[in-house]
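# Structural overview for review
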Amino acid sequence: MKNVLAVLCAVALVFGMAGMASAGNVLWTILEDTSVTGHGPGADLRIGTGDDTLISDNTETNKCNFTAGANCAASGAPTTGSYSFVKMDLLTQDYSCADGANAGQECTDTGSPVTDCGAGAILGCVSCEDPTFTYLGIGTNLNGNGTMTICNSGSGFSYSVLKIGTTESVPGLSGGCLTLDTPGDDTGTPCGLGAFNSTLDVTIKVAACLVAGGRVPNVAMTGRVYQMGAAVTSGACGYDVPGVQALMAQAPANATYFMVSCANNQTLPLDLTTACISGSRFNSKIIAYSTTSAADFSCSAECGGGGCMMGSADEAE
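Residues numbered from 1 in each chain as written. Predicted model: local features only at pLDDT ≥ 70, side-chain atom pairs only at ≥ 80, totals over all residues. Heavy atoms only, no water.

## Quick word on the overall build of the chain
Looking only at helices and strands, the chain features 4 helices and 17 strands. Counting contacts in the chain only where the partners sit at least 6 residues apart, residues at least 24 apart contribute 67% of the total. (Helix = DSSP H or I, 4+ residues; strand = E, 2+ residues; numbered from the N terminus. Contact = heavy atoms within 4.5 Å.)

Structure follows, in structure tokens:
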């Protein structure tokens, strides 16, 4: 029954029937802040710490934190920064087709090998930079507006909507987005505050979220949910207690809950149509906040009864 409700929820949102949030549903928004403009994760895979790579030092070549325009990796001028990102260690390709019938497949760099990439190729074969980063945040496309929808219920929760903006992962391509693939079986435990484990299926969309870039199944997200104003006693995803407190200090004044989540040392499928990243090992962080009320955050409510027909919900990675 819960799966059916999740599908109905998605249908309602597609047709613009989103209404008021009800108990059990929480809206999470990716945390961005000007203090990390131009910052990339260092060896500790955290943004906002002492070993950040900085655009000004030319140690982070992807200048897209957080700019969604085309070619921002080479010439971007971000005005804000996100604490959320995906780092990909490219294991299978040195050159890859950015577009065309063979998009995402390996190619050879012979100067202008558009023919390698098949019909419709314009950008053709591009060099794969290792490692490569894409930053996660509030994009310009409605399908990548930096929000996540989770339905709290009983002992667990379910992801209903995922709309995370991404910056380009391949130079020359504009930003994209991450969305939920076939909502219904994307769940986690436990519900509410504290440490959690979850699994979800994600769809990659590139070129301003207009082109499908492949499906990533069974992404294992772990993390911890905190209540704003309450004492922080445990860290999460590599952030210690002071680190989490520093993140929470950047949240808006009306934030009520805070989430630190991550996916560690996982592998992307081999058949993605996004250039360069097939078969890559990836690590990611998603840092988000919610302004929902305690009543809506409650795990005692069911997800149905119109509760899924809203523009808000809990975070997903």
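## Some words on the state of the cysteines
In this structure the tally under the stated criterion is 5 disulfides. Each disulfide pairs two cysteine sulfurs, and for Cys107 the partner residue is Cys125, the sulfurs being separated by 2.0 Å. The sign of the 95° torsion about the S-S bond sets the Cys107-Cys125 disulfide as right-handed. Remark: Cys125 occurs in strand E8 (residues 125-127) and Cys107 occurs in the loop between strand E7 (95-97) and E8; sequence separation between them is 18 residues. The exposure class of Cys107 is buried, given its relative accessible area of 8%. (Disulfide = S-S within 2.5 Å. Buried < 20%, exposed > 50% of the residue type's maximum accessible area, 1.4 Å probe, protein only.)

## Some details on the side chain of Ser84
Within the element layout of this structure, Ser84 appears in strand E6 (residues 84-89). Excluding residues within four positions of it along the chain, Ser84 makes contact with Ile30, Tyr135, Leu136, Lys285, Ile286 and Ile287.

## Focus on the nonpolar core
In terms of nonpolar packing, the biggest core is built from 41 residues, with Trp28, Met148, Tyr159, Ile164, Leu200 and Val219 touching the most fellow members. Among the elements that take part in this core, strand E14 (residues 194-206) stands out by supplying 5 residues, more than any other. Ranked by size, the runner-up nonpolar core spans 24 residues in total, among them Leu45, Phe66, Val232 and Ala255. (Core = buried A, V, L, I, M, F, W, Y, C linked by side-chain atoms within 4.5 Å.)

## What about the pairing of strand E9 (residues 132-137)?
Here E9 lies mainly inside the structure; 6 of its 6 residues are buried. Alternating positions in E9 separate into two faces, Thr132, Thr134 and Leu136 on one and Phe133, Tyr135 and Gly137 on the other, with burial throughout. Summarising the sheet, E6 and E9 pair through 5 bridges and their orientation is antiparallel. Residue pairing for E9: Val86 is matched across the bridge by Thr134. (Pairing = 2+ DSSP bridges.)

## Here we look at a negative patch on the surface
On the surface, a cluster of negative charge is contributed by Asp94, Glu106, Glu129 and Asp130. Within the secondary structure, Asp130 sits in the loop between E8 and E9. Assessed through its relative accessible area of 48%, Asp130 is described here as partly exposed. (Patch = residues over 30% accessible without salt bridge, like charges linked within 9 Å, V, L, I, M, F, W, Y side chains within 5 Å. Areas by Shrake-Rupley, 256 points an atom, 1.4 Å probe, with all protein chains shown as cover. Salt bridge = Lys/Arg side-chain N within 4 Å of Asp/Glu carboxyl O. Lys, Arg positive; Asp, Glu negative; His and termini not counted. Charge placed at Lys NZ, Arg CZ, Asp CG, Glu CD.)

## Description of the confidence of the model for the chain
Mean pLDDT for the chain: 83, with 85% of residues reaching 70 or above. Scored below 50 in pLDDT, residues 1-21 shows 31 contacts in the model against residues more than four places distant or in partner chains. Between residues 305-317, whose pLDDT stays under 50, and residues either more than four places distant or in other chains, the model counts 71 contacts. (pLDDT = per-residue confidence, 0-100.)

## Focus on the packing of aromatic side chains
The description of an aromatic ring pair rests on the distance of the ring centres and on the angle between the ring planes. On inspection of all chains with the given rule, the structure shows 4 aromatic pairs. Ring centres 5.8 Å apart and planes at 85° place the aromatic pair Phe157 and Phe196 in the edge-to-face group. On the criterion of sequence distance, the pair formed by Phe157 in strand E11 (residues 156-166) and Phe196 in strand E14 is long-range, its members being 39 residues apart. In this structure Phe157 comes out as buried when scored by relative accessible area, which is 7%. Summarising the aromatic geometry, the rings of Tyr257 and Phe297 are spaced 3.8 Å apart at their centres and angled 10° between planes, so their arrangement reads as stacked. You can see Tyr257 sitting in strand E16 (residues 257-267) and its partner Phe297 sitting in helix H4 (residues 294-297), a full 40 residues away along the chain. Residue Phe297 is classed as buried on the basis of its relative accessible area, which comes to 7%. (Phe/Tyr/Trp six-rings, centres within 6.5 Å; stacked < 30°, edge-to-face > 60°.)

## A look at unusual backbone geometry
Following Asp130, the chain continues into Pro131 via a peptide bond in cis, with omega recorded as -5°. Relative to the helices and strands, Pro131 is located in the loop between E8 and E9. Between Thr189 and the following residue, Pro190, the backbone shows a cis peptide bond with an omega angle of -10°. Along the polypeptide, Pro190 turns up in the loop between strand E13 (187-189) and E14. The phi dihedral of Asn218 is positive, around 55°, even though this residue is not glycine. By secondary structure assignment, the location of Asn218 is in strand E15 (residues 211-227).

## Some words on the environment of Ser35
Structurally, Ser35 can be placed in the loop between strand E2 (32-33) and strand E3 (39-40). Taking the C-alpha atoms as reference points, Ser35 and Gly48, 13 residues apart in sequence, are found 8.1 Å from one another. Excluding its chain neighbours within four sequence positions, the residues that come into contact with Ser35 are Tyr83 and Gln250. Among the polar contacts made by the side chain of Ser35, one reaches the side chain of Asp33 at a distance of 2.6 Å. (Polar contact = N/O pair within 3.5 Å; in protein donor to acceptor, adjacent residues only side chain to side chain.)

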